[in-house]
Each structure stands twice: as C-alpha cells, then as structure tokens.
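Summary of the model geometry
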Amino acid sequence: MTHFKSFLCFCLLASQLTFAQKDSITRLKEVVIADAKLRKFSSSQTILSLNDAVLSKNSALLTNLLNYNSVLYFKEYGRGMLSTVAFRGTTASQTAVIWNGININSQMNGSTDFNTISGTDYNAIAVKGGGGSVIYGSGAIGGTVHLNNDLRFERSFSNQLRLDYGSFNTQGMHFNSHFSNTKWSAQIGFSRNYSDNDYDYPGRFDWKGKQRFNENGEYEVIGFNAVIGFKISDKQLLKAYSQSSNTDRNISLLSPSESRTKYKNDFSRNLLEYNGVFDQWTMNTKMAYLTEGYQYYPNKSLQQYSFGDTKTWITKADVSFQATPSFLVNTILEYNTTRGEGSGFGYHERQIGAASVLFKYEMDSKWQNELGIRKEFTNTYKSPVLFSAGSALRIAPWYQLKVNVSHNFRIPTYNDLYWEEGGNPNLKPESAYQGELANVFTYKNFSLTQTAYYNKIKDLLRWIPGHNGIWSPQNTNRVAAYGIETLLDWKQQFGKSIWQLNGTYAYTISKNEETQKQLFFVPYHKATAALAYNYKKWNANYQFLFNGFVFTQSDNNPSAIIPSYWVANLGVDYEFFKRNPIKIGAQVLNLWNEKYQSLENRMMPGRNFNLYLIFKF
C-alpha cells in the first residue's frame, strides 16, 4: 500500500508541476464584479480563482476548500475548531481576508478564523499572492483571500438546496436562491453546519487501553447572506450586501481530565455601494458597518465568561479617471472608526484615515504597468508610506512575464495595544518589502504559472515574557521569507468524457534573520492536486493534500516537530433528470486513513464518509 500511495503521489506531482485555475479572471459582460480592484490593479501578480466546480467538491467550511486547492497552510485545533492560515511564510495576521472589497480581519487579533466561514456563501473566491496593502490596508503582507458575491443582470430565477450527512453525525444544509432581470439582481443564502465531532483518534489509547476520541468537540455554524443590486440606469448601479454568522462550538479536550470549555463567536457585515460611470469618470462609494464578538466559557456548565466586541464603520470614496484609452488614474479616500470593548482590553476607540493613488498604463494590449501609493493617518501609531509597482508583459502568445515590488504593513491589534496584562501602546506597525517574478505559460487548455518571491519583514510583532513573568508584545524580529510557487491547470474533452487536472505546490523558506532558524509552523513543502472525470451525468474526483513537517519551537528542535502528512479524498456523484436536476453523491474523506495533525495533540479524524443531495429548481 505504501508503494502504491507513493506512486500515485508521484504521478500527480511529478517535476513539482501542480495544477490550479488560471490566474486570469474571465467574466461574462453581464456580470458585475464585487471587487473591481482585484481585476483592474492586479495584472502584475498571480491570482488563483476557484470556480463553482471546485467549490462543489469540498465541504462547506472555508478551511477545507482552501486547504485542498491553494498553497495556503492551515493550522487547525482539531476538526471544526479554530483555524488560522500561513501564506508565503508569514503569520496568521499577515494574510488579509477581503469581503467584497472590504478588509474583514479581526480588529481584536488581526486574523480570520476560516472555520467560521462557509464557502457556499460566495460565488467567486480568489487567492492573490504577494503584497496588497496599498489597496486593502493592514495585514496584506503574505497575500489576500477574496470572498466575493458577483451579480448577474439577466432574466433568470434559480434555487439550489444541498443536504449533507456524514460520519460523527455531521449535518449540512445550504440553500441559495438567485433572481435577476435587466434591472434587479438578488442572491439569498442560508447555511447550517453541525457535527457531534466525536471521532476516534487513530492509534491513540488511554492508560487503560481504551480508544481515545475527540471529546467536547461539538460545533455548529449558522450563516445568512443576502445581496441585492439595482440598476438605476445603464451607467449607475446600487448594491447592498449583508452577511451574518453565529458559531457555537466546544473546544476539544487535550486530556479527559480537562475542564469542558465553550467558545461562541459571531459577526455581521453590512455594505452599501454605489457605482456611477460618467464619460471618462467612474465613481464608487462604499459605506460598511461590521461587528464581531466572542464569549469564552472556561466551564461550559457555568454562565461565567470573558468577552470581546468591536464595531467598525468604513467609508470609502473611489474616483477613477480614464485620461486616455491606455492611462487610468484612481484615487481612494477611506475613513474607518472602530470601537472595541472586552474583558481583556477594556474600552477603546480608533480612527484611521487613508489616501491612495493608483495608476495603470497599457503600452499596448501586450504590456501593462501599475503603480500605487498609500498613506494612513492615525494618532495610535505612525504609518509608513506604502507603494506597489508592477508590470506584465506578454512576450509571446504562449508566454507572459510578470514582476511586482511593494511595501506593505500590519497595524497592532486591540490585543497587542491594550491587553490588560501586558498590552503595549508604543508598538510600531510591522513593515515588509516584497518582490516577485512570475512566468506564465499558456497553450490551448494548458496553463502553468511559476512565481519566485522574496519578502523582508521588520518590526515583527511577537509576544515575549517580560518582568514578573508577564507576556507583552514587542517589535523584535526581522524575518526573510522567500520561495517558489507553481500553479498549473489542464482540461481536455474526449468525446463525451471530460478530464481535468489541477493543483498547487509551494516551497517556502521563512527565517528569523538573527537566529537563521525557520519560523515554527511554516512547512518547507505544501502540495495539492485534484483529478476530475466527467462522463455524461457521472462525475468522479480524487483530491490530494501534502503538508511537509513543521517545527513547533523557535530553536528548530528536531525532536519537537509535527511530521509530514498526506491526505486524500475520493468522491463520485450522479445527476438525475434534466428539467429540475437532482444530484446524489458520496465522498470518502481521508481515504487512506492517515494519522495526522497540524498542531500538537490536535488529532484529525481517520477515514470518514459524507453523503449529499443537491436539488436545483
């Protein structure tokens, strides 16, 4: 079996060529893009876009979708528990998550928990490597994850209901409805994901020889989202977005003797957007109101808890001027106000103003150049002047060269600045300079993108022990992160059969410049691959994920590592009827019953199963 698995791995990943969706973003004319800046000012960077076919082959929670289809590395505190990301050798708070053009990273800890987000809430998900602070602000150092709800203005009415049931009493329900005509477009969605999550730990037994299992691991994630667009005229459009989520989950026990804890968190996001085109001028304004909160129960049987809440108002004015057919100027003014209150950091307010200027010049259809500058203003910290510059040159019909350099940053969070036991109000923002070079090869149904990058980060925020044993954040380390990413996509039809192969590979070095040690929880290697086959109404797919070993201590102690692991999933489905199709499918997850974990003693489940029904009407 070991030789068979190794051979299969080799076939999918030979020569470190891996497979992914093409980095170009192709849309039909009637589609209104939620995040226009991703399309207009990212020509010199690599974008991995995940289409509907990829979204449907993965479980609902966003961690699973991105883990099996991108170079992002995830740390999970067990299945369905807290999940954070590392991108290009950076930390969880150095990857910005962008919701319809708005940065939604937590104001409290600077990161996003990807197990609180359902991938079914979006119809366009993209991953962009490299710096993005000029457009998206704090945290966009390693890269950005884009969650978009794009609208279509065409006569249509459709509904989809997906029902899942799997091992550990895992239940899923996902409903999406879409209505549109030439004036209106609306999307409404509801999702619920629940699991007892009481899976056995493969090969783990207690001192009595009794099988260990995931205790106190129950979770439930409920989400609602709605998008409405109205065409005031052919040149004016009004859009409203609303999304909310409530996550109620216990925290899996490391040992049966631990207290049974519980963690509840919720968020709501509301965005009103206006877009108008007036000859050479385009105006876009956004007003957003975001909330997030949590409650932590050290003993779930008691009504005693710690808490944190933030409320953020965002106003953006975005004006672009098409000076000539080849020269575009874009100015963005932004003002954010955040009020936060928590049992650990008290009550604080923060105001941030920002101004950005973006330029795009197309020498011709083959050569595009971009330049951006941003400056933020606040009384909490001193912000550097940020910049981004890039060029994309199509040298041949089958070859394109991209180059980009940028200066990015991350601001201190509420926890960093104000935590009652050790907060440091004198912190400086993290600052990073990055350069990348990408080679893009395309031929018919084949696309290969290989990107080399170098990222130098200074004033890295790190919590270290201080006087009287109290931990406090300090600007300490300098980090050099560099590596290579490879993306490839291939699709071919033979008669009534369609084959598709895609995936990703990343080789990452991320070193503390003082100690020359690899940062802990940054794997040298990560790879994914997927093979899909379609014949008439039958679909089958095989997914593969490999994570190299990671150090768990800053001194790179070889005895303190999490071993490498690889996990595979197999799925098959069949579609009945033509008018109102019904799809029935089955998945075997962790097909080879791999014993693995991404954090110490946080075991993931062995082989398990999922059944699903999809109704379209």
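Calculation criteria
Residues numbered from 1 in each chain as written. Predicted model: local features only at pLDDT ≥ 70, side-chain atom pairs only at ≥ 80, totals over all residues. Heavy atoms only, no water. Helix = DSSP H or I, 4+ residues; strand = E, 2+ residues; numbered from the N terminus. Rg over C-alpha atoms; globule rule 2.2 N^0.38 Å. Buried < 20%, exposed > 50% of the residue type's maximum accessible area, 1.4 Å probe, protein only. Contact = heavy atoms within 4.5 Å. Areas by Shrake-Rupley, 256 points an atom, 1.4 Å probe, with all protein chains shown as cover. Core = buried A, V, L, I, M, F, W, Y, C linked by side-chain atoms within 4.5 Å. Phe/Tyr/Trp six-rings, centres within 6.5 Å; stacked < 30°, edge-to-face > 60°. Lys NZ or Arg CZ within 6 Å of the ring centre and 35° of its normal. pLDDT = per-residue confidence, 0-100. Salt bridge = Lys/Arg side-chain N within 4 Å of Asp/Glu carboxyl O. Pairing = 2+ DSSP bridges. Patch = residues over 30% accessible without salt bridge, like charges linked within 9 Å, V, L, I, M, F, W, Y side chains within 5 Å.

Here we come to the overall build of the protein. Counting secondary structure elements, the protein contains six helices and 38 strands. Here the C-alpha radius of gyration of the protein, 24 Å, is about what a compact globule of 617 residues would show, namely 25 Å. By principal-axis analysis of the C-alpha atoms, the protein measures approximately 75 × 70 × 45 Å. Going through the 617 residues of the protein one by one, you find that 54% of them count as buried. For the protein, the proportion of contacts with a sequence separation of at least 24, taken over those separated by at least 6, is 62%. Carbon and sulfur atoms form 58% of the exposed surface of the protein, whose accessible area is close to 27,300 Å².

Glancing now at the nonpolar core. Leu 50, Leu 62, Leu 66, Leu 72, Phe 114, Ile 125 and Leu 147 are the most contacted members of the largest nonpolar core, which totals 35 residues. Sorting the residues of this core by element identifies β2 (47-50), α3 (52-56), α4 (62-67), β5 (95-99), β7 (124-129), β8 (143-148), β16 (236-250) and β18 (281-297) as the ones contributing at least two each. With near-sequence residues (within four places) excluded, Leu 66 lies in contact with Leu 50, Leu 72, Phe 74, Phe 114, Ile 125, Val 127, Val 145 and Lys 526. Core analysis: the second largest hydrophobic core is formed by 18 residues, Phe 41, Leu 328, Ile 332 and Leu 358 among them.

Let us now look at the packing of aromatic side chains. By the definition in use, this model includes 28 aromatic pairs. Ring geometry for Trp 281 against Phe 321: centres 4.5 Å apart, planes inclined by 35°, an arrangement best described as tilted. Of this pair, Trp 281 sits in strand β18 while Phe 321 sits in strand β19 (residues 306-324), placing them 40 residues apart in sequence. Consider the rings of Phe 576 and Phe 577, whose centres lie 6.3 Å apart with planes at 50°: the pair is tilted. Relative accessible area serves as the criterion here: at 38%, Phe 576 is assigned to the partly exposed category. Assessed through its relative accessible area of 53%, Phe 577 is described here as exposed. An aromatic cluster is present here, built from Trp 538, Tyr 574, Phe 576 and Phe 577 joined pairwise through their rings. The residue whose ring lies beneath Arg 162 is Tyr 612, and the NZ or CZ to ring-centre distance is 4.2 Å. Against the face of Tyr 297 rests Lys 262, its NZ or CZ located 4.8 Å from the ring centre.

The predicted coordinates of low-pLDDT regions are not to be read in fine detail. The predicted model of the protein averages 90 in pLDDT, with 95% of residues at 70 or higher. Averaged pLDDT values over the elements of the protein bottom out at 40 in helix α1 (residues 2-13) and peak at 97 in strand β23 (residues 386-396). Of the regions scoring below 50 in pLDDT, residues 1-29 engages in 68 contacts with residues more than four places distant in sequence or in other chains.

Turning our attention to the environment of Ala 317. Summarising the element assignment, Ala 317 is placed in strand β19. C-alpha of Ala 317 to C-alpha of Ser 167: the two residues are 150 residues apart in sequence and 48 Å apart in space. Once residues lying within four places of it in the same chain are set aside, the contact partners of Ala 317 are Asn 284, Thr 285, Thr 331, Ile 332 and Leu 333.

Scanning the entire structure with this criterion turns up 17 salt bridges. Between Arg 88 and Glu 485 there is a salt bridge, with the nearest N and O atoms lying 3.0 Å from each other. In this pair, Arg 88 is assigned in the loop between β4 (83-86) and β5 and Glu 485 in strand β29 (residues 479-494), connecting sequence segments 397 residues apart. The exposure classification of Arg 88 matches that of Glu 485, with both residues buried.

Moving on, we come to the sheet that holds β2. Sheet architecture is open: five strands sit in the order β2-β7-β8-β5-β6, paired in mixed fashion. Unpaired on one side and paired on the other, β2 and β6 (102-103) mark the two borders of the sheet.

Moving on: the pairing of β4. By the alternation rule, side chains of β4 split into Ser 83 and Val 85 and Thr 84 and Ala 86, which are all buried. Sheet topology places strand β3 (residues 73-76) next to β4; four bridges connect them, and they run antiparallel. If you follow Lys 75 over to β4, its bridge partner there is Thr 84. Taken together, β3 and the strand that follows it, β4, pair antiparallel across an intervening segment of six residues, in which Gly 78 is found at a positive phi of about 105°.

Taken together, the side chains of Leu 163, Met 173, Ile 188, Phe 190, Phe 224, Phe 576, Phe 577, Ile 584 and Leu 613 make up a nonpolar region of the molecular surface, amounting to roughly 750 Å² of accessible area. For Ile 188, the location among the structural elements is in strand β12 (residues 184-195). Ile 188 sits in the partly exposed class, given a relative accessible area of 43%.

Another point: unusual backbone geometry. Positive phi, close to 55°, is recorded for Lys 536, a residue that is not glycine. With respect to the helices and strands, Lys 536 occurs in the loop between β32 (525-535) and β33 (538-547). Unlike most non-glycine residues, Asn 593 shows phi in positive territory, near 55°. As for its position among the elements, Asn 593 is in the loop between β37 (582-589) and β38 (608-616). Overall, the relative accessible area of 38% leaves Asn 593 in the partly exposed class.

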